[in-house]
Amino acid sequence: MNHVTTRDGVKLYVKDWGQGRPVVMTHGWPLSADSFDDLSMAIADAGMRAISYDRRGFGRSDQPWTGYDYDTLSDDLADVLEQTGAHDATLLGFSMGGGEVARYMSRHAGNQVKQAVLVSSTLPFRLKTGDNPDGVEQAKFDETAAAIAQDRAAFWPPFFKNFFGVGMVSHPVSDEVMAWACSVSMQASLKATLACAKAFSSTDFRGDLASFTVPTLIIHGSDDKIVPIESSSRLTARAILHARFIEYEGAPHGLFASHKERFIADVLEFLRG
């Protein structure tokens, strides 16, 4: 099976490697399931089953006009779990994918979930409001959306420099990784790119965090310029009871590439625990 059909008829591209206890992964914006290839290889080699999929509108999945809210996206995750037979699974969400994990835990009562992993997650709430003073101003998100709508091909190169922590001195990933990320991002529909940016910037997940009643690992880089750690994972770690929180000193948002070996080792240790 390389596709799952959601309850509203959208085909999602699925990568299903290995055998054993399943680990189901939801990718970040604006990438695809391919961002998990290194981790998926390690999971499968360790005797487990690595399942990743392209979110609707991204990668090789269908590109519908609707369904980019987190209720629908969590229903897509539920359909992936059901149709792949992923029982007693670990859910791993990177960046905006953490929102799908959180909404699945609340909306679907954590059905068939044994563990959760949140990596560079956008949780708990990105938007600055009266009761969320450390969030980002709406005007900043509006500027990003306008730049993408005007020329998204030009938007991606500087975005991914921040994403992977590339600067005048620091260059933790190759130029080829940067080019790959830009190319994958252009595979997504413009509609999905903009609608998902709106979803992860405006959805309040603070009420979902109490639904994390399974062992949870949180990983985040201290130098994340895309989702700053102080207004995201540090808050999430305090809200989820008994969560294990690992800060990667100096790591950027895209630590799955910049700190690949450590990231894989930490995830595997948690999965085996």
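Residues numbered from 1 in each chain as written. Predicted model: local features only at pLDDT ≥ 70, side-chain atom pairs only at ≥ 80, totals over all residues. Heavy atoms only, no water.

**Q** Looking at this model, I keep getting lost on the layout of surface pockets. Mind explaining?
**A** The probe, sized like a water molecule, is rolled over the atoms to show the empty space still left. When its volume is computed, the largest pocket comes out at roughly 690 Å³. Elements represented by at least two residues in the lining of the largest pocket include exactly α4 (138-164) and α6 (190-202). A per-element tally of the lining of the largest pocket places α4 first, with 11 residues. Lining the second largest pocket are Asp 34, Ser 35, Asp 37, Asp 38, Pro 172, Val 173, Ser 174, Val 177, Trp 180, Phe 256, Ala 257 and Lys 260. Looking at the lining of the second largest pocket, the elements that each hand over two or more residues are α1 (37-45), α5 (175-187) and α8 (255-258). (1 Å grid on protein atoms, 1.4 Å probe; cavity = no way out; pocket = protein on both sides within 12 Å on 5 of 7 lines; lining within 4 Å. Points joined across faces, edges and corners; volume = space filled by probe spheres on them. Helix = DSSP H or I, 4+ residues; strand = E, 2+ residues; numbered from the N terminus.)

**Q** Just to check I follow, could you spell out the sheet that holds strand β8 (residues 244-248) for this structure?
**A** Each strand in a sheet pairs with its neighbour through backbone hydrogen bonds, running either in the same direction (parallel) or in the opposite one (antiparallel). A sheet is described by the order of its strands in space; here eight strands give the open sequence β1-β2-β4-β3-β5-β6-β7-β8, paired in mixed fashion. Each edge of the sheet is formed by a strand with only one pairing partner; in this case those strands are β1 (3-5) and β8. Here the average twist between neighbouring strands, direction ignored, is 20°. With four bridges connecting them, strand β6 (residues 113-119) and strand β7 (residues 216-221) associate as parallel partners. The partner of Ala 116 across the bridge, within β7, is Thr 216. (Pairing = 2+ DSSP bridges. Axes fitted to C-alpha atoms, helices over the stretch in contact; angles between N-to-C directions.)

**Q** Would you take a moment to explain empty space enclosed by the protein for this structure?
**A** On inspection of all chains with the given rule, the structure shows one cavity of 30 Å³ or more. Of the pockets and cavities examined, the largest cavity occupies roughly 30 Å³. Taken together, Ser 35, Asp 38, Leu 39, Phe 256, Lys 260, Phe 263 and Ile 264 make up the lining of the largest cavity. Elements represented by at least two residues in the lining of the largest cavity include exactly α1 and α9 (260-272). Sorting elements by how many residues they give to the lining of the largest cavity places α9 first, with three residues. Broken down by class, the residue content of the lining of the largest cavity amounts to four nonpolar, one polar and two charged. (Nonpolar A, V, L, I, M, F, W, Y, C, P; charged D, E, K, R; others polar.)

**Q** Just checking my understanding: could you explain the side chain of Ser 121 for this structure?
**A** The topology assignment puts Ser 121 in the loop between β6 and α4. At 3.1 Å, the side chain of Ser 121 and the backbone nitrogen of Leu 123 are in polar contact. Leave out the neighbours within four places in its chain, and Ser 121 touches Ser 95, Gly 98, His 220, Val 227, Ser 232 and Ser 233. (Polar contact = N/O pair within 3.5 Å; in protein donor to acceptor, adjacent residues only side chain to side chain. Contact = heavy atoms within 4.5 Å.)

**Q** It is not clear to me how α1 should be interpreted in this structure. Could you clarify?
**A** Note on helix geometry: an α-helix contains 3.6 residues per turn, so any two residues three or four positions apart are oriented the same way. Residues Leu 39, Ser 40, Ala 42 and Ile 43 constitute the buried set of α1. Seen from one end, α1 has its buried residues packed into an arc of 165°, which puts them on one side. In the core, the buried residues of α1 are packed alongside β2 (11-18), β3 (22-26), β4 (49-53), β5 (89-94) and α9. Downstream of α1 by one or two residues, Gly 47 has phi in the positive range, about 90°. (Buried < 20%, exposed > 50% of the residue type's maximum accessible area, 1.4 Å probe, protein only. Arc of directions from axis to C-beta.)

**Q** Explanation requested: the pairing of β8 in the structure shown.
**A** Each regular strand shows side chains that alternate between the opposite faces of the sheet. In terms of strand pairing, β7 meets β8 through five bridges, oriented parallel. Looking across to β8, one finds that Ile 219 is bridged to Ile 246. Between the parallel elements β7 and β8, the chain passes through helix α7 (residues 233-239) in a crossover that is right-handed. (Right-handed = clockwise from strand over helix to strand, strands pointing away.)

**Q** Would you mind showing me how to read the side chain of Arg 152 here?
**A** Structurally, Arg 152 can be placed in helix α4. Lacking a salt bridge, the buried Arg 152 has Asp 151 as its closest oppositely charged neighbour, with an N-O distance of 7.7 Å. Beyond its immediate sequence surroundings of up to four residues, Arg 152 is in contact with Ala 147, Ser 185, Met 186, Ala 188, Ser 189, Leu 190 and Thr 193. (Lys, Arg positive; Asp, Glu negative; His and termini not counted. Salt bridge = Lys/Arg side-chain N within 4 Å of Asp/Glu carboxyl O.)

**Q** It is not clear to me how the pairing of β2 should be interpreted in this structure. Could you clarify?
**A** Strand direction decides the pairing type here: β1 and β2, joined by three bridges, are antiparallel. Bridged to His 3 within β2 is Tyr 13. What sits between the antiparallel neighbours β1 and β2 is a turn of five residues, in which Gly 9 has the positive phi angle 85°. Pairing geometry for β2 and β4, over five bridges, is antiparallel. In the sheet register, Asp 16 faces β4, and the bridge partner there is Ile 51.

What is shown is where atoms sit, not what they do.
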